[in-house]
Structures are given as structure tokens and as C-alpha cells.
Amino acid sequence: MTAPVDTIVIGAGVNGLTAAATLAKAGQRVLVLERGEAAGGQARNVEFAPGFRAGPLGLDAGWLPPPVARALGLRGMERTVPDLTVAVPAGPKEWLALSRDPSRAAEAIRRHSARDAEKWGAFAARVAKLSGFLEALYTIPPPDIDSSALADLLPLLGVARKLRGLGRADMVELLRTIPMSVQELLDDWFEGAALKAGVGAGGVRDIRQGPRSGGTAFVLLHHQVGAPAGAVGGRGFWTAGPDALITRLLEVARGSGVLIRSGAEVRQVVLRDDRSAGVVLASGEEIGSARVLSTADPARTLLGMVDPVWLDPEFRLAVSNIKFRGSSSKVLYALDALPELPGLPEPARSLLGTLSLTGTLDELERAADAAKYGAISDRLHIELQVPSLRWPELAPPGKHVMVAHLQWTPYQLRDRAWNEPGRAALGDGVTARISEVAPGFASRVRHREVLTPVDMEARYGLSEGAVTQGEMTLDQILFMRPVAGAARYATPIEGLYLGGAGSHPGSGIAGGPGWLAARQLLRDWHDRGAQG
Amino acid sequence: MKRYDAIIVGGGHNGLVTAAYLARAGRKTLVLERRPLVGGAAVTEEVFPGFKFSVYSYVVSLLRPEIIRDLDLPRHGLQILPLESTVVPLDNGDYLGSWADGDLTRRELARHSRKDAEAATLFGRLMHHMAMAVKPILAMVPPDPASLAPSDLRGMLRFAGHFRSLGAERFHALYKLMTMSSADYLDEWFEFDPLKATKSASGIIGTFLGPRSPGTAYVLLHHYMGEIDGAFRAWGFQKGGTGAISETIARAARSFGAEIRTDAAVERVLVKGGRATGVALASGEEIAAPIVVSGLDPRRTFTQLVDPGEMPGDVVEAISRFKFRGSSGKVNLALSRLPDLTCLPGAGPHLRGAISISPSLDYLERAYDDAKYGEFSRNPYMDIVIPSMIDPGMAPPGKHVMSIFVQYAPYALSGGWTDARREAFGDAVVNTLARHAPDIRSAIIGRQVLTPLDIERTTGLTEGNIFAGELALHQLFFFRPVPGWAKYRTPIKGYWQCGAGTHPGGGIMGASGRLAALEILRGSGA
């Protein structure tokens, strides 16, 4: 056996590699264990048809908090934000394409409503301001509300003020906005259905609720964190290539001495004398380590890898009550040619952004309705991207990769199962739906792969296939993420830490949880004299 | 022109409470009510000869004990009769009951789920503790969180202090309660679906949300807040209907010297140089007073009683965003005899309590789905009571009155409310009831159907919202009705608000009226 390590990190996704690199840079010997065949987790692009690669990661690469990039010395992580970030159907063969530039977006909006066009700039500024507050919040550990509510909120306010020039009135506006439904928020501002649907889709991404549910205004702000003001869903993509973040993280981690083993699935966290002592792999191999930082989701870690006798039953109950509710699926398409979308303005540029196929908030709501009863709507909500336009290396010359992101396809179906026929039916439905706006689409499909929540669970070990590792709803963020009492990354088991998207600041904040968790672990390590 | 110290616009129960407190402090106070009777949405009317109904609001919830004490309401006729049980008819022909006797209720619940019967005890204890912490907030003037004034900072500290005193575990439970849907919250505790549905029904009342919408859980607390007052139970009937409560408060106000004029519709509030100077009635009469208090809802108070031009633009804008979205209707039935429930035949004690049509969470959620797209619920949630069982004076001997609260009936019905749609809505309600009490149709000798539009037309409540504005998280406490103007003042000097559109709002509680009066007295150097 090789030299003992200070910390084992479970999972070599973005958060795992970020945590590992942070720990190694502080002088720890770190071993990362990855169950997949290579590092990268959901961020890894895999070949799903000969010559075609795609990653099932969400619609954007997320926001890499600048302090994380700085701390790890990640260079070359520039993003390209396409000019047209999102396009929505606004009638038969008619699309509303929103520019990242508020004044150009207003021009497009004016064709549908002059009133909306007038308000767009102010709305974009407001959203940027409020999501800017979240941005500040996402670079620090969650406030510890239990001990003294106000004493903790005030420094937060200070952080926000310094970083974003937010005043008390803005803070009040933020507090008023986050419990709202995204539909209420948008109804307060706009009248145009397509505009509201295009923006509102960001308020329901990867949750099971529809746009009329309270708290979806927060979800919208969450997905705007790090986007330029007015760029809807516009966090952009890595300019350096599809695998840029993972490649850089691997370089930095390896350069700092981190060891990475793939194909090494952790079956159990070993506990001795009430604290973690290492892990046992699926192969039976045992690896000792005083500290374990898991980026697997909280349920998988605390319920799946820890012997129940070590945890307080109430704490276990709280973990089992985490709402995962994976309800998003993907269809990866290998295409012989780009789809043709009649009426889509500047197709080559629009397709660099996202096409959101649902044109009204009511349609979004109806699609979500079915999921409440464990069914799949006849009218799926689909968002499309063509990654091969961003990075041609993902497909053979002249060919393309298209990724369809679908909601709401619940993990738990009431009257059918996610089996091969179910998967095929879903794929056929998606192809048919796309063909409505892109006639002849089906004939350009060379190959397709359907990834349901059940597949996401099997492939990535995500409970209920939830890419969020726990829905980003108001009751599951900040000091409640993943559960009260474990929000500061340390679990009730000494030496066991959580650092995946299931922890603050949650999903879509690339490396955020991993970095904050590693820093907490290091503080505790230094308190113990940085020994063993 | 006659002079008063204060004029209250609107003789609803909150307006009457404000009037009583002002008069008690020696202010010459006048209440002006548009309708021929006081009470607003808390009125008793003889809709059919011999049959009296609490036409709109039908149960008393959380009437503040300090008001009962300060105004000596029992002396003026307050007499609350307890509403002790709830029966939920189930789809399988069985029922779920809950009774005044806690042991009986536990045994009944254990019949359906042993696990839930055990959980109910722990749940009740937790809710009790949280209600204890939250209840003082009902008696608090909301501080302005954006202000740096010492009184506001102290207020914020006091507000925060209530939560800190809970301790970590209960604070987290409270946080979940504030942010979760009632369905999700109850899922963590219970397994028996009709129990969860019935409990969560209290969270959807008066809102345009379904039981799976976040923000509906915290209303669960209200139930427990009533119980800890001790003086009376959470829910009950006033002898003589809810109108009798209004009359009781009116009597108290008069005993302190307040004048009350009915059939006196206020057309507008007179403003001169940014100050309220009195009111003008629809009749053309003008009455002067340095203080004018509106008991009307925020939209009427800020943008209809006064020229919106008198208000800062951002306040008018904020008021235009305040959500009403009336979602409930009411069906009042005059009955020749008692209904016979299939699940509990005969005239048992269950008819002295509430009958709740809430067989499952999916049932309630589907009722909401209909309303979201502009239809009334085909199979609505209904809360049914028979006041004549407890107060025989409400109906002729041997006959009965039945009050049915119905959700959802959207104010913005697609195509709009017509007489035909109203009757179709009434039919849906009776058909739903008939599934559980097939003999009901032949017992009906009179039927009054009230849509949100009817409620708006008669009571003046905008969009027929029974709480004078939705009780949603972003419309509570210092957000009610709008940030910066939650302390009962308005931007016009001398013009105040005291209705349920201010904190804490909702139900026959009187707290808004009382807090407004105390602020007015403080602000005018009493």
C-alpha cells in the first residue's frame, strides 16, 4: 500500500477536484476516488455515438466563483456568452430571440410589446442586482442562523454592500422577491407571453414545481448568478473547450500532488471510535484516512455509506426527508445536419444559445402539473442546445450534436416504469416535439441516447437522478442545505465532510461547495495541529 | 359642518375595533359604513325568511383576547360557541373524525394509521411551541427593515429575538414551515393522506395556491395559536352569527362615545397640502376630521379613496403589485331537514362540527389545477358547517342553515362570471355534497351562491379576496401591504389604514384594527 493520506475525497467531479486541489495546496496528502471510468462526473463529455461526444450536464456550465478560480490558480477559464442567449416561440414560425445586450433585447421585445420593451432594461438591472446579492452569499459559508439571527445577517449585508453596492432597501426587495412565484414576478413586469415563458423557464429549472409555485423567483435569481446583466440563462460556455474546467482542475490537482483513482466506487465510510477512519471500496479494498470529504449527494453519503448505528435517528430522518425529486431528462442527438427552424432569426447565432420550446407560462405550468401526479405531460417542456456549434470537436466535420433538456419527467412514475420501451417512447415524443418547430428533424437524426432520471441515478450515483443533489427550493438552501445541523460541511461524524452540490451554495455553482467544504475541513485540521 | 377627531371609513370589524379604541381614549370618533348594516364581511343576514346566515365570514378565528378584555366584549354580547369536531368523508365510504376529546381523536386516527396517531402527539407539541413564539408577532407593529431609525432597529431586534428564543431545532422547524408547502411539510410527519389533506386545507384558504405550493405550510400554525389563548377555542360560532360579533364591537364603540352611521358611503378622502382633512360622502356631504382611517383594502385605500396623484409613484406601483386574486366562494343553503351523511348516517354529534370535503391531497391539488386555468373547481374543497345545530335561533324550528365555504372559485373566471356560471358553480358544490349526502337535494329550500365577484360587489373587498389581500409570505408583516407603509400610516399625513390588508390581517381577529388605533394614538400624542 502507498503512503497514508490525510483526506480521501469521494468523487472526481468539479466539486471533488476543487476540494482535493484546495486541500493539497494547503499541504494535505489527498486521494480522490471516482466510481466512473474517468474523472469529470457530469461535466465529462462522453462518446455516445461513434465520433459524437456530449455531456449531460445542465444547460450551462454553471458559475465558477472568482475566489475559487483565484485560490486554485485556474487560468484560461474565460466564458463566451453568445449574443442571443435564448430564443422562444412567439407564434407559428415566429421566435423571440433575446440578446445578452439589454438594448438589443428590447428591440426584439418591441416587436411584441412596446410596453415590455420599455421595462426590459430596468428588469435586467433589477435581476442582476438581486442575483448579485446571491453571488456574494455564494462565496462564503451559509450564515449560522441558529446562534444569533441578526448578528449573522449584518455581516452578510456588509459583504453584499461592499461587493454590490446593495442598500437596505435592496435587501428588503430581495426578501420580498425570493418567496414569490416566478410567474407573479414576471406578471408584475411584463405582458408578452413569449418573453415571460423564456425568462420564466429559468425559474423552474431542475425542480418539480411549475412557475406558479412560491420560491421559483429565487430559482430564477439562482440561475442568473454570474450572468451578465440582462443575459437570460447567459452564463455562457468555456471558451477554451468543452472539457476546459475539468482539464484545468485535473492539472491543478495533479500538480499539487493529488492522487486520483477512477473505477473506485466507495461502498462504505469506515468508522472507528466515533470518527471516520477511511473507506471500503466495492472491491472490498480498505483505504485508511482520518478524514473523508464526500461529494456524493447527502443521502447517498449519509444513508448509503454510513452504518445507521452511528447516526442519530432524527438526523437520519432529516436526511431521508431531503427532496431530490429528479425530474429532468436529456436526449443526446447525433445529427447529420443542423435542424432547420423556420422563422428563427439568425439561426447560426440563435443556435449558439438555448432554444426554449415552451411559449407560455401556462404551458410550463401544465407540463409541471402532470409530474405532481407522477405522470409525464403530453406537452413536454424542452430546451435545446447545439454544443457542436460551440466546440466543433464534439462531432465529425459537418455533423452536429444536439442536447435536449426535458422537464418534467419524474423519477417516480405512478403507472409505468422507466424501462426500455418507456425510454424509447420518451425519445420518440421529444423527436416529434422538436419536429414541430424543425420540420424534417427526424430524418437528420443518426443516433440518439435518452437519459432519464433513473439513468442519471445509475450512471452518476445521484439519488433519484437529481442533478441538483437536492432541489434548490427555499427550504433547502443556505443553513438548511443539505439539512439543518450539517450546513457547514461537517457532519455529525467527526472527520466526515460533505462537499457536493447537495451543500451550500448548491448546484450550478461550479466548485463552490467543494471549495467551502475543503476550507472548513482545513480549519478543523489546523485546530488539531494539522496532525493525522 | 360637524367636526370629529377621527373618521373611520368602513364599518367592518377592524374599523369598529379602531373606532372603539379611539373613542375609549377620548377621541370624538365617527364610523361611516356604506351598507345598511355594520360588519363588512362579518355580517348576519336573513337571506330567506326565517333563515339567518353568516353570509361571508362564518367562523371566529383568533379574535385577540386583549381586545375582548379591553373592550369588555362579553358585556356587550360576545358569546362564542365552540365548534368541536371535524369529519372528513372518505372515498371508500369511511370517514376520518377529530373530536373535542383528544383521546377519542387519537383512537380515531389510530383506526386509520397507528403511526400517525403517535406522530400527531409530537407534531402537536412542536406546533404548540412554535405558535408560542410566533403569536406575540400578531400583537407587534411591524418595524421597517429598511429604516435605520432606532425604534425600527429595536423592532427588528425584537422580531429576531422571538425566533432566537426558539432554539435551533424549533427555529429550523419554523423556517421549514415558512418556506415549504403544507403537503411536503405534512409528508414528513404523516402517512394517512386524508389527514394530510384536511390539515393542509387550512393553508390554502383565501390564497391562490394549492397544497403543494410552497408558502402554504405556515398557516398550519394558526390553528394552534387559537388553542393556546385558553380563553376560547380556536374556532367557534358567535351566537347570532358573525354579524353579532360586529354588533358587539359596535356596541362597545358606542359605549365609549363613538358614532356609527350606516348607509353612508364615503366617496373620497379630502386631502389638502398632503394632509387628510376629512371625507366627502356619495351624497355630497363633507365631514371634517384631522384623522381619517380607512378600513378598506389597500387598493381602495391607496388608489381609490384618494387621488393616486397624492401618493408617491413608487407606492402606487407597489400597491398595484399587491395580490388579491380572490379564490373562494360561498354557498348558503336553507334546509328543510338535516343532511344524512353516507359515512355517518343519522343526526349525530358530527353535525355540530365541520364537515370537510378534503379526501386526499391530490383531490385538493386538482381542485387548484382547475382554478389556475380560470375555471372553478369541478370537485372543490368545501368546509361545511350547520350553525343552526349549535344556535337554533338561526333557522325556523326543525329547519336548518348550512354554510359551505368553497375553494377554488377564481375571481378571474375565464369568460367572466355570469348568472349562468354562478348557478353552474352552485351545482358543482351541491353535486359534490350529494356524493356524500345523497338526500341533500330534496332538503334544499333555498340556495344562495356567492362568487368572488359577488363578494367584491357587496362587501367591497377587491377581487373578492376574503383577507383583503392574499396571505402570502411576501405580503406579510413588514411587507403588508407594502414595504415602508406597514405601520398603519400612509404617505398622506393624518390618513391611516386599519383593515385586514395590514399586519397581521385575515380572519375575525381584530388585531389590525387594534394596532392601527394604538399607532394613531401614539402618533397624535395621546
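Scroll up for the structure.
Residues numbered from 1 in each chain as written. Chains lettered and ligands numbered in written order. Predicted model: local features only at pLDDT ≥ 70, side-chain atom pairs only at ≥ 80, totals over all residues. Heavy atoms only, no water.

Description of the overall build of chain B
- Looking only at helices and strands, chain B has 17 helices and 20 strands in total.
- By the compact-globule yardstick of 24 Å for 526 residues, chain B fits well, its C-alpha radius of gyration being 22 Å.
- Each of the three principal axes of chain B carries a C-alpha extent, and together these read 65 × 55 × 50 Å.
- Taking as baseline every contact in chain B between residues at least 6 positions apart, the subset at least 24 positions apart corresponds to 72%.
- Put simply, chain B shows about 18,500 Å² of open surface, and 53% of that area lies on carbon and sulfur atoms. (Helix = DSSP H or I, 4+ residues; strand = E, 2+ residues; numbered from the N terminus. Rg over C-alpha atoms; globule rule 2.2 N^0.38 Å. Contact = heavy atoms within 4.5 Å. Areas by Shrake-Rupley, 256 points an atom, 1.4 Å probe, with all protein chains shown as cover.)

Things to note about the pairing of strand β2 (residues 29–32) of chain B
Residues and elements named next belong to chain B.
- Across the two faces of β2 the burial is the same, with T29 and V31 and L30 and L32 all buried.
- Looking at chain direction, strand β1 (residues 6–9) and β2 are connected through four bridges and run parallel. Bridging across to β2, I8 finds its partner in V31.
- For the segment spanning β1, helix α1 (residues 13–24) and β2, crossover handedness is right-handed.
- When β2 meets strand β10 (residues 259–261), the two strands line up parallel, connected through three bridges. Bridged to V31 within β10 is I260. (Buried < 20%, exposed > 50% of the residue type's maximum accessible area, 1.4 Å probe, protein only. Pairing = 2+ DSSP bridges. Right-handed = clockwise from strand over helix to strand, strands pointing away.)

Concerning the interface of chain A and chain B
- Listed per partner, the contact involves 37 residues of chain A and 37 residues of chain B.
- Taken together, both faces of the contact between chain A and chain B bury some 3,600 Å²; the carbon and sulfur share is 58%.
- For chain A, the biggest contributors to the area lost against chain B are R168, R176 and Y373 of chain A; these three give 18% of the whole.
- Here chain A is connected to chain B by seven salt bridges.
- Taking the shortest distance from any N to any O, the salt bridge between D184 of chain B and R325 of chain A comes out at 2.6 Å.
- Put simply, chain A and chain B have 14 residue pairs in polar contact (both at pLDDT 80 or more) between them.
- Considering each element in turn, the side of chain A that touches chain B owes the most residues, six residues, to helix α6 (residues 168–177) of chain A.
- A per-class count over the side of chain A that touches chain B returns 14 nonpolar, six polar and 17 charged. (Buried area = accessible area lost by both parts, 1.4 Å probe. Salt bridge = Lys/Arg side-chain N within 4 Å of Asp/Glu carboxyl O. Polar contact = N/O pair within 3.5 Å; in protein donor to acceptor, adjacent residues only side chain to side chain. Nonpolar A, V, L, I, M, F, W, Y, C, P; charged D, E, K, R; others polar.)

Considering unusual backbone geometry
- For the bond from Q407 of chain A to W408 of chain A, the omega torsion is -10°, close enough to zero to count as cis.
- One can find W408 of chain A in the loop between β16 (400–407) and α16 (420–437).
- H504 of chain A connects to P505 of chain A through a cis peptide bond whose omega is 0°.
- Within the fold, P505 of chain A resides in the loop between β18 (496–498) and α19 (512–527).
- One non-glycine residue, D274 of chain A, lies in positive phi territory at about 70°.
- Inspection of the secondary structure assignment puts D274 of chain A in the loop between β10 (266–272) and β11 (275–281).
- For D274 of chain A, a relative accessible area of 54% puts it in the exposed group.
- With phi around 55°, E463 of chain B is a residue other than glycine that occupies positive phi space.

Describing the sheet that holds β2 of chain B
All names here are of chain B.
- If you walk across this open sheet you meet the five strands as β10-β2-β1-β14-β20, and the pairing is parallel. Since the sheet does not close on itself, it has two edges, and those belong to β10 and β20 (495–497), each with one partner. Each strand of the sheet is rotated relative to its neighbour by a mean of 20°, with strand direction disregarded.
- As defined by bridge partners, strand β14 (residues 291–294) adjoins β20 across three bridges and the pair is classed as parallel. Bridge pairing in β20 links V292 to Y495. (Axes fitted to C-alpha atoms, helices over the stretch in contact; angles between N-to-C directions.)

Section: the pattern of salt bridges
Residue and element names in this part refer to chain B.
- In this structure the tally under the stated criterion is 65 salt bridges over all chains.
- Across the salt bridge formed by E375 and R421, the nearest N and O atoms sit 3.1 Å from each other. With E375 in the loop between α13 (361–372) and β17 (381–385) and R421 in helix α14 (residues 419–436), the pair connects residues that are 46 residues apart, well separated along the chain.

Some remarks on the environment of S181 of chain A
Residues and elements named next belong to chain A.
- Tracing the backbone shows S181 in the loop between α6 and α7 (182–189).
- When its relative accessible area of 2% is taken as the criterion, S181 is described as buried.
- On a C-alpha basis, the gap between S181 and T216 in space is 4.9 Å, while along the polypeptide they are 35 residues apart.
- Look past the residues within four positions of S181 in its chain and what remains in contact with it is P211, R212, S213, G214, G215, T216 and A217.
- At a separation of 3.0 Å, a polar atom in the side chain of S181 contacts the main-chain amide nitrogen of E184.

Considerations on the side chain of T468 of chain A
- Position of T468 of chain A relative to the elements: it lies in the loop between α18 (453–460) and β18.
- When sequence neighbours within four positions are dropped, the list of residues in contact with T468 of chain A reads D206, F324, R481, A501, G502 and S507 of chain A.

As for helix α12 (residues 313–321) of chain B
- Burial in α12 of chain B covers these residues: V315, A318, I319 and R321 of chain B. Down the axis of α12 of chain B, the buried set is contained in an arc of 155°. They therefore lie on one face. Residues of α12 of chain B that are exposed and point more than 90 degrees away from the buried face comprise G313 and S320 of chain B.
- On its buried side, α12 of chain B packs onto α6 and α7 of chain A together with α11 (298–304) of chain B. (Arc of directions from axis to C-beta.)

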